Amino acid sequence: MPESVGSREANELAALEAVQRRVLWLAVRIVDAANRERGDIGGIKVGGHQASSASMVTIMTALWFAHLGRDDRVAVKPHASPVFHAIEYLLGELDASYLTRLRDLGGLQAYPSRTKDPDRVDFSTGSVGLGAVAPLFAAATRRYVDAHFGERPATRFVALLGDAELDEGNVWEAIVDPVTAGLGNVLWVVDLNRQSLDRVIPGVKARRLERMFEESGWHVTEAKYGTRLQEAFARPHGDSLRDHIDEMSNEAYQSLFALRGSALRDRFLEGARPEVSTLLAHYDDDELAPLLHNLGGHDFAELMRCFREADMVRDRPSVVFAYTVKGWGLPIAGDPLNHSTLLNEQQVADLRLAVGLDDATEWDRFDPSSPEGALCARAAARLARHSDPHVVHAPVAIPAAVGGTPPARVSTQEAFGRLLTSLARDEAVAPLVVTTSPDVSVSTNLGGWINRMGVFAPDDRPDWLGTERLLRWRESPAGQHLELGISEMNLFMLLGQLGLSGDLSGQPLLPIGTVYDPFVCRGLDALIYAVYSGARFVVVGTPSGVTLSPEGGAHQSSITASIGIELPGLVLSEPAYAQALDWLLCDALARIADPSAPSEAAYLRLTTRPVEQAPFVAARERLGDDELRDGVLRGAYRLVDAGDAVAAASRVQLCAAGAVMPEVVAAAAALEDEGVAADVVDVTSPGRLYGEWQSARRTAVREARRRDEVHADRVLRRGVPVVTVHDAASHALAWLPAAAAAPGVSLGVDAFGQSGAIADLYAANDLSTDAIVSAALLALES
């Protein structure tokens with residue numbers, strides 16, 4: 001006799017229930033094994049989040065085993081990492097050996113990581129709020145890719161986030177940005193467990209949050225009550241029951257999860273109208289907990305209804321508010337302090353018994369012949385990611401230089417704008433370049449590029465101001481510039497997803513973002529997130545330092561160079577001359593375009609100060625293009641070489657980066673007049689130069705041998721005093737004397753600036769020619 005539709009659905013639901021129990025068990029046991037069985041790790045606990053994982057179990061089981069497809073991409077709530085790995089294990093995507101290696105070196109990461117976890121993680125999460133918005137910007141990237149390179153397979157970009165993540169300002173910055181508007185393939189599921197780290201939140205005010213999403217153009221739905229409660233609401237006096245629950249404080253409702261039977265009835269009915277008691281009289285004590293604890297976030301039918309509803313909305317993003325219990329299914333459910341609580345050995349044993357496992361079978365997958373095993377197999381087949389014929393990874397040939405003769409006196413910011421406009425004429429490279437900026441495109445010299453390539457919009461939009469302006473703001477699907485609102489967080493979130501477009505959308509791009517250099521720090525969390533995720537992009541910070549002197553201290557950056565040197569996955573370059581910038585920009589794009597190259601992002605720190613190009617022209621004539629370009633790309637070259645004839649006692653090395661080079665060159669000439677030979681080393685890429693030097697030192701330490709020769713050894717004279725000069729914090733280049741095994745003095749910007757002329761500010765910060773000469777004489781006396 002054929003299976004009826006109702007019977008088939010009941011069997012599917014029963015299998016889902018069994019799978020979610022196994023997922024809950026594995027998530028709990030993964031954390032338990034890491035904390036109780038790994039041994040002493042230095043007097044600290046390993047940690048993990050059994051309660052926060054438990055609140056996500058039903059949501060994630062419903063998604064992975066009944067809803068998602070192979071092309072969908074998901075950001076998992078950081079604290080639900082054990083649930084994710086349990087699901088990947090049941091799907092056959094994770095080896096069993098990793099289950100006991102949570103937070104272990106080379107094992108499962110504390111939070112999902114694209115670059116460090118062994119299973120397939122779409123989006124790194126961990127820094128609260130960033131993983132939540134990553135799928136939003138990935139969807140914006142997909143919209144751009146589809147418009148320029150043809151539509152890819154339909155993809156849902158899903159974010160699973162905790163309700164506390166909605167406290168993060170970057171979430172709302174992303175939601176209201178025009179770049180993310182109208183993305184109908186975005187789904188957020190908010191785990192509304194009404195708890196923060198240490199307490200029950202007194203009034204989450206979910207309706208207010210829902211209104212904020214609605215007013216931002218999102219489709220909003222909620223999974224508040226499960227099927228049992230909805231059926232109870234349909235009975236006589238059901239409205240009173242609903243009102244009583246709705247009116248309860250979060251603290252009062254959370255207290256119900258520790259109670260059963262008559263104690264639960266008595267607590268729940270405190271302050272209730274008589275008709276609520278009349279309705280509940282139809283339920284015996286054993287039925288009360290399954291009824292009153294029946295929230296929508298733990299009800300498969302209600303969740304699937306919400307997911308299907310979201311799928312029907314194609315013109316805007318959707319958010320589902322799923323009401324859950326922190327610690328669901330565990331003895332710590334609803335406890336205000338359960339965030340970091342770990343089940344004890346007896347509680348783990350009781351849970352193992354409750355899910356039908358024993359010591360010998362506790363890590364087992366389901367029997368393939370069982371209904372649960374068959375469900376896992378179907379889900380694995382549905383989610384399997386095969387090679388996609390739309391994916392294009394053919395490397396594009398990036399020229400070594402854009403070419404052209406720069407003006408005799410030009411700033412690197414202006415040179416960047418000229419280079420990008422010229423690059424727009426390269427028919428092989430230009431289609432892959434996409435630029436973005438947080439409402440500073442003109443002031444960061446993107447105007448020529450925008451005039452030529454246009455601004456991206458999902459549909460053609462009229463240019464009401466016409467084409468007679470210096471900047472033509474033509475918006476269409478063919479445009480190649482994405483203009484953001486004034487949010488540096490959004491800039492780096494978008495750059496990160498543009499820089500992962502090959503993996504997530506099947507089309508590598510060459511993303512370039514521009515930002516006021518002082519405000520790199522505003523988006524630093526998102527920048528760290530992007531490079532941690534392995535994104536490839538170029539960010540141009542301009543103007544940098546105090547050289548935009550009239551702007552005052554609020555618009556003068558000092559620590560950004562240090563960030564560029566110290567942040568893993570980011571390579572800082574700070575050229576002083578236009579041709580060096582040309583080589584560095586093309587090299588950065590070539591590394592992005594090469595799929596075999598290590599994933600890294602490039603940071604070009606530029607300035608508005610025009611600089612005479614003659615010293616570079618002279619160095620080019622002396623060294624030749626090949627040697628000079630090699631030095632520029634490796635991080636440094638001798639701009640001025642005083643030769644080998646002078647004794648070391650009267651020799652000094654002036655090492656500098658960026659806009660201060662005119663003062664440094666002038667100081668070298670002044671020192672020569674004093675009988676001191678001064679080499680000038682132009683540090684074009686402090687990040688590349690330091691990275692190679694430090695890597696060689698660490699290798700030598702690990703292998704207990706002499707350090708290999710590096711480029712710094714060839715460009716610096718060993719034992720010769722060093723003066724470093726930088727329109728940035730002095731410590732950014734202060735390592736160079738150690739690289740030369742010599743005494744040194746480091747000059748830089750170590751105080752908040754103020755408005756004034758460049759000469760005045762340089763004098764105030766000891767960046768003037770006289771100060772550099774004095775520092776050189778001091779270094780010689782050391």
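Residues numbered from 1 in each chain as written. Predicted model: local features only at pLDDT ≥ 70, side-chain atom pairs only at ≥ 80, totals over all residues. Heavy atoms only, no water.

Looking only at helices and strands, the protein chain features 30 helices and 20 strands. Dimensions of the protein chain along its principal axes, counting C-alpha atoms only, are 100 × 65 × 50 Å. The buried share of the protein chain, reckoned over its 782 residues, is 56%. Restricting to contacts in the protein chain with at least 6 residues of sequence separation, those with at least 24 account for 77%. For the protein chain, the exposed surface amounts to about 31,000 Å²; the carbon and sulfur share of it is 51%. For the protein chain, the centre of its 72 positive side-chain charges and the centre of its 104 negative side-chain charges are spaced 2 Å apart. (Helix = DSSP H or I, 4+ residues; strand = E, 2+ residues; numbered from the N terminus. Buried < 20%, exposed > 50% of the residue type's maximum accessible area, 1.4 Å probe, protein only. Contact = heavy atoms within 4.5 Å. Areas by Shrake-Rupley, 256 points an atom, 1.4 Å probe, with all protein chains shown as cover. Lys, Arg positive; Asp, Glu negative; His and termini not counted. Charge placed at Lys NZ, Arg CZ, Asp CG, Glu CD.)

A few words now on the pairing of strand 20 (residues 744-747). Two faces belong to every sheet, and in a regular strand the side chains alternate between them. Burial of the side chains of strand 20 is restricted to one face: Val745 and Leu747 are buried, whereas none of Gly744 and Ser746 on the reverse face is. Relative to strand 20, strand 19 (residues 722-726) is paired through four bridges, and the arrangement is parallel. For Thr724, the partnering residue across the bridge sits in strand 20 and is Ser746. (Pairing = 2+ DSSP bridges.)

At their nearest, the axes of helix 23 (residues 614-623) and helix 24 (residues 625-634) sit 7 Å apart, and the two run at 120° to each other. Taken together, helix 23 and helix 24 sit at an angle that is classed as oblique. Facing Phe616, Ala619, Arg620 and Leu623 of helix 23, the residues of helix 24 in contact are Asp625, Glu627, Leu628 and Val632. Residue composition of the contact of helix 23 with helix 24, grouped by class: five nonpolar, no polar and three charged. (Axes fitted to C-alpha atoms, helices over the stretch in contact; angles between N-to-C directions. Parallel < 35°, antiparallel > 145°, perpendicular 65-115°, else oblique. Nonpolar A, V, L, I, M, F, W, Y, C, P; charged D, E, K, R; others polar.)

The next subject is the packing of aromatic side chains. Under the counting rule described, the total for this entry stands at 16 aromatic pairs. Ring centres of Trp172 and Phe213 lie 5.0 Å apart, and the angle between their planes is 55°; on these two criteria the pair is classed as tilted. With Trp172 in helix 5 (residues 169-176) and Phe213 in helix 6 (residues 206-215), this pair connects stretches of sequence that are 41 residues apart. This pair shows no difference in class: Trp172 is buried, exactly as Phe213 is. Aromatic pair Tyr690 and Trp693: ring centres 5.9 Å apart, planes at 55°, arrangement tilted. You can see Tyr690 and its partner Trp693 sitting in helix 26 (residues 686-703), three residues apart, about one turn around the helix. The class for Tyr690 is partly exposed, based on a relative accessible area of 25%. (Phe/Tyr/Trp six-rings, centres within 6.5 Å; stacked < 30°, edge-to-face > 60°.)

Here we take up unusual backbone geometry. Look at the link from Thr542 to Pro543: it is a cis peptide, with omega at -5°. If you trace the backbone, Pro543 turns up in the loop between strand 12 (538-541) and helix 21 (560-566). The phi torsion at Arg103 lies on the positive side, around 60°, for a residue other than glycine. By the secondary structure assignment, Arg103 is in the loop between helix 3 (81-90) and helix 4 (130-149). The exposure class of Arg103 is partly exposed, given its relative accessible area of 28%. If you check the backbone angles, His237 has positive phi at about 70° while not being a glycine.

Attention shifts here to the sheet that holds strand 5 (residues 318-323). With parallel pairing, five strands are arranged side by side in an open sheet as 1-2-3-5-4. Every other strand in the sheet has two partners, leaving strand 1 (73-75) and strand 4 (219-223) as the edge strands with one partner each. Sheet twist, expressed as the average angle between the axes of neighbouring strands with direction ignored, equals 15°. In this structure, strand 2 (residues 157-162) lies alongside strand 3 (residues 186-192), joined through six bridges in parallel fashion.

The subject of this paragraph is the nonpolar core. Grouped together as the largest cluster of nonpolar side chains are 92 residues, with contacts concentrated most on Leu166, Trp188, Phe213, Leu241, Phe268, Phe321 and Phe537. Here this core takes 11 residues from helix 4, the largest share from any one element. Residues contacting Trp188, with those up to four places away along its chain left out, are Ala132, Val133, Leu136, Ala159, Leu161, Val171, Ile175, Phe213, Trp218, Ser318, Val319 and Val320. (Core = buried A, V, L, I, M, F, W, Y, C linked by side-chain atoms within 4.5 Å.)

Moving on, we come to the pairing of strand 11 (residues 510-515). With respect to burial, strand 11 is a largely interior element, six of its six residues being buried. By the alternation rule, side chains of strand 11 split into Leu510, Ile512 and Thr514 and Pro511, Gly513 and Val515, which are all buried. Note that strand 7 (residues 433-437) and strand 11 share four bridges and pair parallel. From the neighbouring strand, Thr435 faces strand 11, where its bridge partner is Ile512. For the segment spanning strand 11, helix 20 (residues 524-532) and strand 12, crossover handedness is right-handed. (Right-handed = clockwise from strand over helix to strand, strands pointing away.)

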